[in-house]
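Notes for the structure review
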Amino acid sequence: MSLLGGHGKDTRMLGHRMLAVVVLSVSMASYLGCSDDSCSEGSEDGLFYDPPPACPMGKSYSDWTALWWKYSLEFQCSDGKCTNHPGNDATGERCADGQNREDVFFLLGNGEGEHTRKSCVVPAGRAILLAMVNISCTAPEYGPTLEAVRESCRNPADSTTMLDISVDGETVEDPFDYRVQTDVFPAEYPDPNVYGKSPGYHEINVSDGYWVMIRPLSPGPHTIRYGGNLPSLAWST
């Protein structure tokens, strides 16, 4: 097991309790539409997108969370300790570093427990994807079969008993509806990288956890609070 910024290599948790003031700029963004008639965003009302099996911004939660992980794992670090990684930034000054999508902003947590960021500037018009709690596992380190690797991630997520998500005090009806188990996704590590892998190292990952997608917020300050626990790993935020 490892937490972001730690020295372990193969099982990672990046969700955490967070009090964040999100200050939005006035730039506009383009959006992805649903490319498949069977992929529906669900209700158009409310601050939060519907939970799975809805497809926010035209993609499944599985696809979005895999992209979130790839952004974190494939982040180009500036030094061996990856001090510029958004997950290692307590101030929020780097929360947008490396984010080049115009539809969804990937809000990263860390694995260090309770944590407050002073601010994070998110461009206007972007939905925000975050994990209340999450974990990823790699093959073949966590089992000889794909199902064994999935189980390594599934068991901690099954043990979750507490989830917390609010934006300006508004919450979802049942955060446990937002369970997401990803399909297999690859990661290729740059030099240097957040887990100290060899440059160009390829690995196969799966992820499990609880995620929410927040609709684009109005310009101005907003407060986001989120977190949860993984009792089987004695970990909470």
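Notes on the structure follow. (Residues numbered from 1 in each chain as written. Predicted model: local features only at pLDDT ≥ 70, side-chain atom pairs only at ≥ 80, totals over all residues. Heavy atoms only, no water.)

**Side note on the overall build of the chain**
Rules: Strands here are runs of E lasting at least two residues and helices are runs of H or I lasting at least four, both read from the DSSP assignment and numbered beginning at the N terminus. A simple rule labels every residue: compare its accessible area, found with a 1.4 Å probe on the protein chains alone, to the largest value its type can have, and call it buried under 20%, exposed over 50%, or partly exposed in between. Residue contacts follow a heavy-atom distance rule, with two residues in contact if any of their heavy atoms lie within 4.5 Å. Accessible surface area values rest on a Shrake-Rupley calculation with a 1.4 Å probe, where residue burial reflects the displayed protein chains alone.
The number of helices and strands found in the chain is two helices and 13 strands. Looking at the 237 residues of the chain, the share that counts as buried comes to 52%. Partitioning the intrachain contacts of the chain with sequence separation of at least 6 by distance along the chain shows that 74% fall at a separation of at least 24. Of the roughly 10100 Å² of accessible surface on the chain, 51% is carried by carbon and sulfur atoms.

**Thoughts on the packing of aromatic side chains**
As a reminder, the rule being used: Under the pairing criterion, centres of Phe, Tyr and Trp rings, with the six-membered ring standing for Trp, must be within 6.5 Å; the plane angle then separates stacked pairs below 30 degrees from edge-to-face pairs above 60, leaving the rest tilted.
Evaluated as defined, the whole model comprises eight aromatic pairs. Plain terms: the ring middles of Tyr61 and Tyr178 are 6.4 Å apart, the flat faces sit at 80° to each other, and that makes the pair edge-to-face. Taken as a pair, Tyr61 in helix α1 (residues 61-73) and Tyr178 in the loop between β8 (163-167) and β9 (179-181) lie far apart in primary sequence, 117 residues in all. Tyr178 shares its class with Tyr61; the two are buried.

**Brief notes about the nonpolar core**
As a reminder of what qualifies: Take the buried Ala, Val, Leu, Ile, Met, Phe, Trp, Tyr and Cys residues and link them wherever side-chain atoms come within 4.5 Å; each set so joined is a nonpolar core.
Among the nonpolar cores identified, the biggest contains 50 residues, and Phe48 and Ile214 are the most heavily contacted of them. For this core, the elements supplying multiple residues, two or more each, are α1, β4 (104-106), β6 (120-122), β7 (127-139), β8, β10 (185-188), β11 (202-214) and β12 (223-230). If we skip the residues at most four places from it in the chain, Ile214 touches Leu47, Phe48, Tyr49, Ala127, Ile128, Leu130, Val167 and Ile224. Within the second largest apolar cluster, five residues are counted, among which are Cys137, Val149, Cys153 and Val206.

**A few points about a nonpolar patch on the surface**
Rules: Patch definition: residues above 30% relative accessible area lacking any salt bridge, with like charges linked at up to 9 Å and the nonpolar side chains Val, Leu, Ile, Met, Phe, Trp and Tyr linked at up to 5 Å. For this document, the term salt bridge refers to a Lys or Arg side-chain nitrogen within 4 Å of an Asp or Glu carboxyl oxygen.
On the surface, Leu146, Val184 and Ile204 cluster together into a nonpolar patch covering about 220 Å² of accessible area. Structurally, Val184 can be placed in the loop between β9 and β10. Exposure remark for Val184: the relative accessible area of 38% places this residue in the partly exposed category.

**Quick look at the state of the cysteines**
Definition in use: By convention in this document, the label disulfide applies to cysteine sulfur atom pairs within 2.5 Å.
A complete count under the given rule lists three disulfides for this structure. The partner cysteine of Cys77 in its disulfide is Cys82, sulfur to sulfur 1.8 Å. An S-S torsion of about -70° defines the bridge between Cys77 and Cys82 as left-handed. The residues Cys77 and Cys82 share a single accessibility class, namely buried. Disulfide pairing places Cys137 opposite Cys153 at an S-S distance of 2.3 Å. Between Cys137 and Cys153, the S-S dihedral sits near 120°, and the bridge is therefore right-handed. With a gap of 16 residues between them, Cys137 in strand β7 and Cys153 in helix α2 (residues 146-158) connect regions that are remote in the sequence. When sorted by exposure, Cys137 lands in the same class as Cys153, which is buried. Sequence-ordered numbering of the disulfide-bonded cysteines in the chain gives the connectivity 1-2, 3-4, 5-6.

**Some thoughts on α1**
For an α-helix, the turn length of 3.6 residues means that residues three or four places apart are oriented alike. Filter applied, for reference: The span one expects for a helix is its residue count, reduced by one, times 1.5 Å.
An ideal rise of 1.5 Å per residue puts 18 Å on 13 residues; α1 measures up with 18 Å between its terminal C-alpha atoms. In terms of residue burial, α1 counts as a mostly covered element, since 10 of its 13 residues are buried. All buried positions along α1 are accounted for by Tyr61, Ser62, Trp64, Thr65, Ala66, Trp68, Trp69, Tyr71, Ser72 and Leu73.

**Some thoughts on unusual backbone geometry**
The linkage connecting Pro52 with the following residue, Pro53, adopts the cis geometry, with an omega of 15°. Looking at the element boundaries, Pro53 is found in the loop between β3 (18-24) and α1. Cis geometry marks the peptide bond from Asp191 to Pro192; its omega dihedral reads -5°. Tracing the backbone through its elements, the reader meets Pro192 in the loop between β10 and β11. Positive phi values are uncommon outside glycine, yet Met57 reaches one of about 55°. Along the chain, the position of Met57 falls in the loop between β3 and α1. Note on Met57: relative accessible area 2%, which makes it buried. Phi at Asp168 is positive, roughly 50°, even though this residue is not glycine.

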